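Spelled out, the chains give:
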Amino acid sequence: MYDGAITRNEKGKVNIHPVTYKLNGIDIAANVYTPADYDPSKKYPAIVVAHPNGGIKEQVSGLYAQRLAEHGYITIAADAAYQGASGGEPRHTDNPAYRTEDIHGVADFITRYAGVDADRLGILGICGGGGYTLKAAQSDKRFKAVATLSMFNSGEVRRNGFQNSQLNTIQERLEQATKARAQEAAGGEIIYAGVASITDEEIAKTSTDLYREGYVYYYRTHAHPNSTFLYTMSSLLDLMTWDAATNMDMINQPLLMMAGSKADTKYMTDEAFSKATNAKNKELFLIDGATHIQTYWKPEYVSQAVKKLVSFYQTNL
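Okay, so let's go over this structure.

Rules behind the numbers
- Residues numbered from 1 in each chain as written.
- Predicted model: local features only at pLDDT ≥ 70, side-chain atom pairs only at ≥ 80, totals over all residues.
- Heavy atoms only, no water.
- Salt bridge = Lys/Arg side-chain N within 4 Å of Asp/Glu carboxyl O.
- Helix = DSSP H or I, 4+ residues; strand = E, 2+ residues; numbered from the N terminus.
- Buried < 20%, exposed > 50% of the residue type's maximum accessible area, 1.4 Å probe, protein only.
- Axes fitted to C-alpha atoms, helices over the stretch in contact; angles between N-to-C directions.
- Parallel < 35°, antiparallel > 145°, perpendicular 65-115°, else oblique.
- Left-handed = near helix turned anticlockwise from the far one by under 90°.
- Contact = heavy atoms within 4.5 Å.
- Nonpolar A, V, L, I, M, F, W, Y, C, P; charged D, E, K, R; others polar.
- 1 Å grid on protein atoms, 1.4 Å probe; cavity = no way out; pocket = protein on both sides within 12 Å on 5 of 7 lines; lining within 4 Å.
- Points joined across faces, edges and corners; volume = space filled by probe spheres on them.
- Pairing = 2+ DSSP bridges.
- Core = buried A, V, L, I, M, F, W, Y, C linked by side-chain atoms within 4.5 Å.
- Right-handed = clockwise from strand over helix to strand, strands pointing away.

## As for the pattern of salt bridges
Per the counting criterion, the structure on display carries 16 salt bridges. The partner of Lys-205 in a salt bridge is Glu-201, and the shortest N-O contact between them spans 3.4 Å. Highlighted residues: Lys-205 and Glu-201, both in helix α6 (residues 200-205), separated by 4 residues, approximately one helical turn. Judged by its relative accessible area of 64%, Lys-205 falls in the exposed class. According to the relative accessible area criterion, Glu-201 is exposed, its value standing at 52%.

Here it is, written out as structure tokens:
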């Protein structure tokens, strides 16, 4: 689902290895990328890549995992539990505690992978995966270097609306989520929030870059049957009381936060970054001219981000 994706493994090049492992009884599907001429008897630094909300490992997280593997890292992109090719019911649950546990779980797995130097483990979280990465890194000190790209604070947006556009309907939406949970508990139909499908006309009328370009990315140019804009309405019970930017002072690792200079989501990166008062060597890096979604695929912006990431990980791992 991205340009240059590996379709077959070749000697002397980056290779892809589909893997599965158990996390709290759920099957997790992931792809491990190994560097060119990978030798399992040697030791390599490793990077965990956490995907956006609704995203899957075959999209932007796979692209960045593959590109980082080209620079000598063992990388892994995993589908979150309840999402993508991973197990878990009900489907498309977006619980922040589960997403954070996914990140702890992928660290459990990759630190035992042949050739990985467990003392040189980094992480990259993209969009919603960036918010969950910040939360996981607050407590999980296996991550020696923490980076985010186009960080999206899922709790803040589900609570307040994008750009604080739904502050007046918080209690109403909590009532809806409560009723959805009660219906699920009674064995009734699962209610979903989000967008199941969208027309070209509706896309064109969408005013925000994040959602207009996001619809194009997820439903047109990089569409995949495992990827969806839907999430269970009951997930809002947990999402709306959660915030990626709380306890940011607990991150004491080196921190790199990257965002497009034109991204309408940049305010979330700014907010979290300002609260990371104890992070070592922290840096806010702007990708000049990029919107949020363009950092997922546009070659010149991806190359800028990868170059910065490689420099950051080389310094701190």
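## A closer look at the packing of helix α2 (residues 96-110) against helix α3 (residues 128-139)
Between α2 and α3, the shortest axis-to-axis distance is 9 Å and the interhelical angle comes to 65°. On the basis of the axis angle, α2 is roughly perpendicular to α3. Handedness of the crossing formed by α2 with α3: right-handed. Facing α2, whose interface residues are Pro-96, Arg-99, Thr-100, Ile-103 and His-104, α3 presents Gly-129, Tyr-132, Thr-133, Lys-135, Ala-136 and Ser-139. Of the residues contributing to the contact of α2 with α3, the split by class is 4 nonpolar, 5 polar and 2 charged.

## Comments concerning empty space enclosed by the protein
Applying the stated criterion across every chain yields a total of 1 cavity of 30 Å³ or more. The computed volume of the largest cavity comes to approximately 130 Å³. If you go around the largest cavity, you meet 14 residues; those closest to its centre are Ala-50, Ala-78, Asp-102, Ile-103 and Val-106. The greatest single-element share of the lining of the largest cavity, amounting to 4 residues, is contributed by α2. Considering only residue class, the lining of the largest cavity consists of 10 nonpolar, 1 polar and 3 charged.

## Topic: the sheet that holds strand β10 (residues 280-287)
As summarised here, the arrangement of the 8 strands in space is β1-β2-β4-β3-β5-β6-β9-β10, forming an open sheet in which the pairing is mixed. Strand pairing shows two members of the sheet lacking a second neighbour, β1 (15-23) and β10, which therefore form its edges. Neighbour to neighbour, the strand axes of the sheet diverge by 20° on average, direction disregarded. Taken together, the 4 bridges between strand β2 (residues 26-34) and strand β4 (residues 74-78) define a ladder with antiparallel strand orientation. The residue bridging Val-32 from the neighbouring strand is Ile-76, located in β4. Running at roughly 115° to β1, α2 makes contact with β1, β2, β3 (44-50), β4, β5 (116-126) and β6 (143-149) of the sheet. Packed on one face of the sheet, α3 meets β3, β5, β6 and β9 (254-260) and runs near 135° to β5.

## A word on the nonpolar core
Ranked by internal contacts, the top residues of the largest apolar core, which has 100 residues, are Tyr-64, Ile-110, Leu-124, Ile-126, Leu-309 and Tyr-313. Per-element accounting of this core gives the leading share, 8 residues, to helix α11 (residues 299-316). Ignoring any residue separated from it by four or fewer positions in sequence, one finds Ile-126 in contact with Val-49, Ala-50, His-51, Pro-52, Val-60, Ser-61, Tyr-64, Leu-149 and Tyr-296.

## Some thoughts on the pairing of β4
Within a regular strand, side chains alternate between the sheet's two faces. Of all 5 residues that make up β4, 5 are buried, and the element is covered over most of its length. Going residue by residue along β4, you find Ile-74, Ile-76 and Ala-78 tucked away on one face and Thr-75 and Ala-77 tucked away on the opposite face as well. In this structure, β3 lies alongside β4, joined through 4 bridges in parallel fashion. Across the sheet, Ala-46 pairs through a bridge with Ile-74, a residue of β4. With helix α1 (residues 60-69) bridging β3 and the parallel β4, this β-α-β connection has right-handed handedness.

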